[in-house]
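Listed below are the residues making up each chain.
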Amino acid sequence: MSELYLGIDMGGTLIKMAVVDGKAAIVEEISIATDMKAAPKAVIKNMADVLKNFKNYNKIKSIGIGIAGDVDYKKGVVRFSPNLPEWKNVQLKKEMEKLTKKTVFVDNDANTAAIGAFWLDIKTKADNVICVTLGTGVGGGIIINKKLFRGNSGTAGEIGHTTIEAEGRKCNCKNRGCAETYIGVKHIVKEAVDTLKNKKSKYIMKLAENNIKNITPKLLSQAALKGDVVAQQIWNNAGKKLGILLANLINIFNPDNIVLCGGISNAGNLIMNPAKKEIKERAFKTSAAACKIIVSKYTGRLGVAGAAMLVKN
């Protein structure tokens, strides 16, 4: 067996852990519930204890951890994480190394997703790759010349907080018109709820059992595929905004590939057809033609596999 590496993807609901081989293929994996209220040291100790249950634990070369938020990757310090309110300036690398006696790398989870996409979806066969995560929020990671690009302060890749509408919706980051406010899960759902106040839908409320709290992107996809005009319009609007965002990335970075991942990417052609139309109208033709846009086949595993491969980046 080739060299083995261990990855951890720290989410708001689950902490995923996996041992991967030298090509980022998962050999074994475990998931545990995230205790958002627990003290950071308690969470770290619990992770270290669980890791030791892997049968290949003694063979792993290093541990990589991906976590949402502001991360000092050089020092392995989590300055802040929206998923873990108690985590402020936590010495994650130092604490985990002390408990495991292994070399530990820490980075933002969007960066680890990008690394995962580079290894699993692209098979390392492209030089310049951008990963766009489409979930509760919109994030991203940028790989240039086969290496993760972090920028001056380590925060490069905040794709969801680029402005695509100058006087647009207010974002939690204090800006207006961020891509996240048009393509993120809660904003797509909110648009559906707001639209239903003035327009009748044939399927949305039926599928939601007449409870707007049951409306999800998955439900909207189901309604749209049944021919629901309101649902189709919501996806069309989201697709246009996604297309603007992707056209900007194509014009700036001229990438070989853009990999889309996360729950929203599961909408498939409902969001991609209007996005592609927008790209055609906005991106340089040569750059757009040279860029292959794909939806990841490994959405649920990119973060944990990419975290494990931080050692290679």
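Data block above holds the structure.
Keep in mind that what you see is a predicted model, and the values were worked out from it rather than measured. (Residues numbered from 1 in each chain as written. Predicted model: local features only at pLDDT ≥ 70, side-chain atom pairs only at ≥ 80, totals over all residues. Heavy atoms only, no water.)

## A few points about the overall build of the protein
Phase 1: Check the secondary structure of the protein and you find eleven helices and 13 strands.
Phase 2: What you see for the protein is a C-alpha radius of gyration of 20 Å, in line with the 20 Å of a compact globule of 313 residues.
Phase 3: Overall, the C-alpha framework of the protein stretches about 60 × 45 × 35 Å when taken along its three principal axes.
Phase 4: Counting only residues that meet the buried cut, the protein has 53% of its 313 residues in that class. (Helix = DSSP H or I, 4+ residues; strand = E, 2+ residues; numbered from the N terminus. Rg over C-alpha atoms; globule rule 2.2 N^0.38 Å. Buried < 20%, exposed > 50% of the residue type's maximum accessible area, 1.4 Å probe, protein only.)

## Notes on the nonpolar core
Phase 1: Val-132, Ile-183, Trp-235 and Leu-242 are the most contacted members of the largest nonpolar core, which totals 46 residues.
Phase 2: Sorting the residues of this core by element identifies strand E9 (129-134), strand E10 (138-144), helix H4 (180-183), helix H5 (185-196), helix H7 (217-225), helix H8 (229-253), strand E12 (257-261) and helix H9 (269-282) as the ones contributing at least two each.
Phase 3: Among the elements that take part in this core, H8 stands out by supplying twelve residues, more than any other.
Phase 4: Apart from the residues lying within four places of it in its own chain, the contact partners of Trp-235 are Ile-188, Pro-217, Leu-220, Ser-221, Ala-224, Ile-264, Ala-267, Leu-270, Ile-271 and Pro-274.
Phase 5: Among the nonpolar cores identified, the runner-up in size contains 30 residues, and Ile-15, Leu-92, Met-96 and Val-106 belong to it. (Core = buried A, V, L, I, M, F, W, Y, C linked by side-chain atoms within 4.5 Å. Contact = heavy atoms within 4.5 Å.)

## A few points about helix H3 (residues 109-120)
Phase 1: For H3, spanning twelve residues, the distance from its first C-alpha to its last is 16 Å, which sits close to the expected 16 Å at 1.5 Å a residue.
Phase 2: In terms of burial, H3 is a largely internal element, eleven of the twelve residues being buried.
Phase 3: Among the residues making up H3, those that are buried are Ala-110, Asn-111, Thr-112, Ala-113, Ala-114, Ile-115, Gly-116, Ala-117, Phe-118, Trp-119 and Leu-120.
Phase 4: In this structure Asn-108 caps H3, since a side-chain oxygen of it lies 2.8 Å from the backbone nitrogen of Ala-110. (Expected span 1.5 Å × (residues − 1). Polar contact = N/O pair within 3.5 Å; in protein donor to acceptor, adjacent residues only side chain to side chain.)

## Comments concerning unusual backbone geometry
Phase 1: You will see that Lys-123, though not glycine, has its phi angle at about 60°, which is positive.
Phase 2: Within the element layout of this structure, Lys-123 appears in the loop between H3 and E9.
Phase 3: Note on Lys-123: relative accessible area 41%, which makes it partly exposed.
Phase 4: For Asn-145, which is not a glycine, the phi torsion comes out positive at approximately 50°.

## Observations regarding the layout of surface pockets
Phase 1: Put simply, the largest pocket is a space of about 1400 Å³.
Phase 2: Along the walls of the largest pocket sit 46 residues, with Ala-68, Asn-83, Asp-109, Thr-133 and Gly-137 positioned nearest its centre.
Phase 3: At the level of secondary structure, the elements contributing two or more residues to the lining of the largest pocket comprise strand E1 (4-10), strand E2 (14-20), strand E5 (70-72), H3, E9, E10, H5 and helix H11 (302-308). (1 Å grid on protein atoms, 1.4 Å probe; cavity = no way out; pocket = protein on both sides within 12 Å on 5 of 7 lines; lining within 4 Å. Points joined across faces, edges and corners; volume = space filled by probe spheres on them.)

## Description of the packing of aromatic side chains
Phase 1: Scanning all chains against the criterion turns up one aromatic pair.
Phase 2: Relative to Trp-119, the ring of Phe-118 has its centre 6.4 Å away and its plane inclined at 90°; by these criteria the two rings are edge-to-face.
Phase 3: We note Lys-102 situated over the ring of Tyr-57; from NZ or CZ to the ring centre the distance is 5.0 Å.
Phase 4: If you follow Arg-150 out to its NZ or CZ, it ends over the ring of Tyr-73, 4.0 Å from the centre. (Phe/Tyr/Trp six-rings, centres within 6.5 Å; stacked < 30°, edge-to-face > 60°. Lys NZ or Arg CZ within 6 Å of the ring centre and 35° of its normal.)

## With respect to the sheet that holds E5
Through backbone hydrogen bonds, the strands of a sheet pair up, either in parallel or in antiparallel fashion.
Phase 1: Judged by pairing direction, the sheet is antiparallel, and its three strands sit side by side in the order E5-E6-E7 without closing on themselves. Unpaired on one side and paired on the other, E5 and strand E7 (88-91) mark the two borders of the sheet. Averaged over neighbouring strand pairs, the angle between their axes works out to 20° when direction is ignored.
Phase 2: Sheet analysis places E5 next to strand E6 (residues 77-80), joined by three bridges and oriented antiparallel. (Pairing = 2+ DSSP bridges. Axes fitted to C-alpha atoms, helices over the stretch in contact; angles between N-to-C directions.)

## What about the sheet that holds E9?
Phase 1: Judged by pairing direction, the sheet is mixed, and its five strands sit side by side in the order E11-E10-E9-E12-E13 without closing on themselves. Of all the strands in the sheet, the pair left with one neighbour each is strand E11 (147-149) and strand E13 (292-295). Strand-to-strand twist in this sheet, taken as the mean axis angle between neighbours without regard to direction, amounts to 25°.
Phase 2: As paired strands, E12 and E13 are joined by four bridges and run parallel to one another. Looking across to E13, one finds that Leu-260 is bridged to Val-295.

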